[in-house]
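Survey of secondary and tertiary structure
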Amino acid sequence: MAAVRDIIEDIARQSLPDAVIYWRAGDSTEEFRESIDLLLAEDAHGKRELRVASPLDAGADPAWGEKIDWLGRLAAARLRQLGETANLYEAISRLALAERLQRALYAIAEQASAEHNMKDMMSALHAIVGSLMYAENFFIVLYDAQNETVRFAYFVDSADPDIPDHEAVAPLATIEHSLTWYLLKNGRPMMGASEDLEQRIEGPHRRQGPSCADWLGVPMKRGERVVGALVVQSYRDDTRYTENDRELLAYVAQHVQTALERRQAHEELERRVATRTAALREANRVLRQQVLQRQRGERLQSALFRIAELTNASESLENFYAAVHRVIGGLLYARNFYIALLTDDQSKLSFPYSVDELDRARNQRELGRGLTEYVLRSGKALLADRDEIDRLHREGILVASGARSLHWLGVPLIWGERSMGVLAVQSYSPEHTYSPRDQELLTFVSYHVANALQRKHTTESLKQAYASLERRVTERTRALALANRDLREQIAERERVERRLKYETLHDSLTGLPNRTLLLQRLDQALSHYHANTAETFAVLFVDLDRFKVINDSVGHLVGDDLLFQVGGRIRACLKTRDVVARLGGDEFAVLAEGITEPAQAMQIAERIIQELQTPFRLGAKEIFTSASIGIAMPGPDYQRPEDLLRDADSAMYRAKDEGRHRAAVFDDGLRREALSLLELEGDLRRALTRNEFVPFFQPVVELEDGRIVGYEALMRWRHPERGLLAPGEFLNVAEETGCAEAIDWQIFEQVCRQARALTRDEGFVSINVSGRHFRSPDLDERLLALFAEHNVPPRTIRVEVTERALLENPAQVKSILNNLRDKGVGIALDDFGTGYSSLSYLHQYPIETLKIDRSFVMQLSDENDSQGAAVVRAIQALADSLKMQVIAEGIETPVQRAALMRVGCKFGQGFLFAQPAPATTWLHAPGKISA
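Description of the structure in this document.

Within a sheet, neighbouring strands are paired by backbone hydrogen bonds and run either parallel or antiparallel to one another. In space, the five strands of this open sheet follow the order β17-β18-β16-β21-β22, with mixed pairing throughout. The sheet is open, and its two edges are formed by β17 (580–585) and β22 (664–666), each paired on a single side. Averaged over all pairs of adjacent strands, the angle between their axes in this sheet comes to 20 degrees, without regard to strand direction. Here seven bridges tie strand β16 (residues 538–545) to strand β18 (residues 588–594), and the two strands are oriented antiparallel to one another. Paired with Ala-539 across the strands is Ala-593, a residue of β18. Packed onto the sheet, helix α16 (residues 557–573) meets β16, β17 and β18 and runs at close to 15 degrees relative to β18.

So this is what it looks like as structure tokens:
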């Protein structure tokens, strides 16, 4: 801006020599006295004014005002240009900062797939953070909340000599109450001088490391869970961190966490890829061996190229042989050289090419026992000096022919897996010898010569061999590129699998709806919002299909699965977009409906779902009908866990089922008290079993005419330590649901057996009630008989009472058990006759000797003979008489009922008219008759 003033001042000197150009702050009242002080232009960017001051008499000049205006326009234009330039520079600075951040994030992402080790990766991350802010002192800590451990994966500090091991995993307690500990526990960024932070911490604090001028730490999170932190420190008073640094580091931290997770996933993927690509590694190993072989043969490469060129370029075999001789002569001493080949009939040896100092000509000959034939027969190279040759001669292996050489080297020419010729060099001078290396070289060359000869004779076969060789070379040279490509594909596949696994972890595989895990996460969020603001209410609906098991068993699981899929779609169609419908398993679904303030709104949604599910489903060629029972739970201050809401909605659903199904019910305080009472009763039942609190009470069975006691029925009672004596109706249903009923029955059976002989005096009987559950055990009869034998109870003094329903659950097994008991003398009584199926067929099939008329018929008896109850009892008595069965009436409470029973011919009964159930001690010394 000073440049603007100088320019205007230079221009003003030429036209206004006495003018003074100066800057003045926008809110200043400073003026030049005894002068004309005018505003030329305003600097909006710097909030200043450019003014001109001239003597008072300058205004007398007519052109003076025009000059001032012209200077003002010039200054305003220049200031406007400078302001735009400043804005442009500021935008460029912001753009540069954004570009630097983008490059940093890209570099962080690139580190996840880089090939270097974890330590180098951490150093690279440090450098990236350092490019964004002051990060001379920097560390990364990883936190395992499940195991309560930490690991300082990277730590650089210029003032702290205690550097933790980057691979050591330490308990979280080692850094308890430090700044890093609070950062990991609270999961919120912390910034400021270490002493200021320690004062702001709510709780005890313990300093670790030297005090720093500024400390900035941000958490790394996976979802809502803290998994680590990034921390930078400054020990310099002139270097402090800003809010921009905090936001920047927090943003970078999430990308660092992503990079670390991707790196870990990359390492895991590499291990899996290593397992899946074992065959490829084996191919790479073979390729590497071939590469090593090629490296060892680099010295021969040029010679082999020349031989290959000769193979394709020679016009005749004679020229080819001579050229090969020259090539071999460049590699080793080959002044004496020849090629020997078998003739077509393989009976003779020809020498198509021969150069020798002594043997000027080698003519075709019959196969003999020379050195050439020795190599030809063995198919192996032979390196021999004069001594070795003489030894072979002495042993008769060889027969001398031609000039004797001091050193001889021959290799076979092989094609088609057969030795078809020999390539040989020899020396007649001690100055020239051959070594195993020469043997290896000549052997290698012989392969090419043999291939060339074979190519000359079998052109077509050679073309195929070339094509195969070219294909193999191409495949092997591409192997590494393919391996890299496959690795990249595996990485991409791993990422796709991870995304798929994450989706499958949170969704049901059959319906595609969210599963229990995702629902509980959303419920937890909704519950947290509710506790923060009670106006953000919601409702949980627990949906259960009625009689779905019947559908599954009748039409099959495939149709059942299709039904569940369509049910999920219909429920989804009844909800808002933001609501969540999840499948919990089986035929159970749950709905999270947000924005529900009253139970009536939730009930409307439930009725809409019930109405929608009432429409028949078309599944293939079948039309399926179903319905649903729905339980509703609303949030409240007492709910702290989402599982509790789901549990109470489930309880409300069962109330809806108990009320008749195809309806909805809202969970209330009554249900909560009922659930708590049920839970308490279940615990009391299990404790009562261990404490033997269940006891038998005995009600006598008497002759109706004179009241003589003929037997007793054992009835179950529970001596509850707090609630007193309880009848079966108060706890038996819960005992059956919890699986305790059978154990309670056996406890009663054992006590009855201990008291039976004293009660009956070996003349009467004691009846025990055996439910249908017991008949599911095929050895029930053996167990009962063993129990009678253990307590020395005669079987004839025991009667087993069964219900009609028990006879129908497993007829064959029940019949076998009852027949065995009857054969051993145990009496069989059919209890509650007339209330079930009352089929005459099973009265004939089963060994029943006693029918017990249910109390519901006895209560209808009156003085009138033609009452409905009397007709039913008369029919039962007539049926029993015809089958020669005994009849016992239950629930006799009045003399009128007793008289009515006697009129129809019933001889035995029991009820409150005669006696109430009482412990065995009550009847041990009682008289044998009871007066009504």
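More follows now that the structure is in view.
Residues Leu-88, Tyr-89 and Ile-92 make up a contiguous nonpolar surface patch of about 340 Å² in total accessible area. Counting through the fold element by element, Leu-88 comes out in helix α2 (residues 64–112).

So, about the pairing of strand β11 (residues 348–355). Direction of pairing for strand β10 (residues 336–342) relative to β11: antiparallel, over a ladder of five bridges. Residue Phe-337 lies in a different strand from β11, and its bridge partner there is Val-355. Joining the antiparallel neighbours β10 and β11 is a turn of five residues, in which Gln-346 adopts a positive phi near 60 degrees. Of the strand pairs in this sheet, β11 and strand β12 (residues 365–366) are connected by two bridges, and their pairing is antiparallel. Residue pairing for β12: Lys-348 is matched across the bridge by Glu-366.

So, about the nonpolar core. Phe-694, Phe-698, Ile-768, Phe-775, Ile-848, Leu-851 and Leu-901 are the most contacted members of the largest nonpolar core, which totals 78 residues. Counting residues per element, this core draws most heavily on helix α21 (residues 741–760), which supplies nine residues. The residues contacting Phe-775, other than those within four sequence positions of it, are Val-770, Leu-780, Val-802, Ala-806, Gln-813, Val-814, Ile-817 and Leu-818. By size, the runner-up hydrophobic cluster in this structure holds 33 residues, among which are Leu-541, Val-559, Ile-630 and Ile-632.

Criteria and cut-off values
Residues numbered from 1 in each chain as written. Predicted model: local features only at pLDDT ≥ 70, side-chain atom pairs only at ≥ 80, totals over all residues. Heavy atoms only, no water. Pairing = 2+ DSSP bridges. Helix = DSSP H or I, 4+ residues; strand = E, 2+ residues; numbered from the N terminus. Axes fitted to C-alpha atoms, helices over the stretch in contact; angles between N-to-C directions. Contact = heavy atoms within 4.5 Å. Patch = residues over 30% accessible without salt bridge, like charges linked within 9 Å, V, L, I, M, F, W, Y side chains within 5 Å. Areas by Shrake-Rupley, 256 points an atom, 1.4 Å probe, with all protein chains shown as cover. Salt bridge = Lys/Arg side-chain N within 4 Å of Asp/Glu carboxyl O. Core = buried A, V, L, I, M, F, W, Y, C linked by side-chain atoms within 4.5 Å. Buried < 20%, exposed > 50% of the residue type's maximum accessible area, 1.4 Å probe, protein only.

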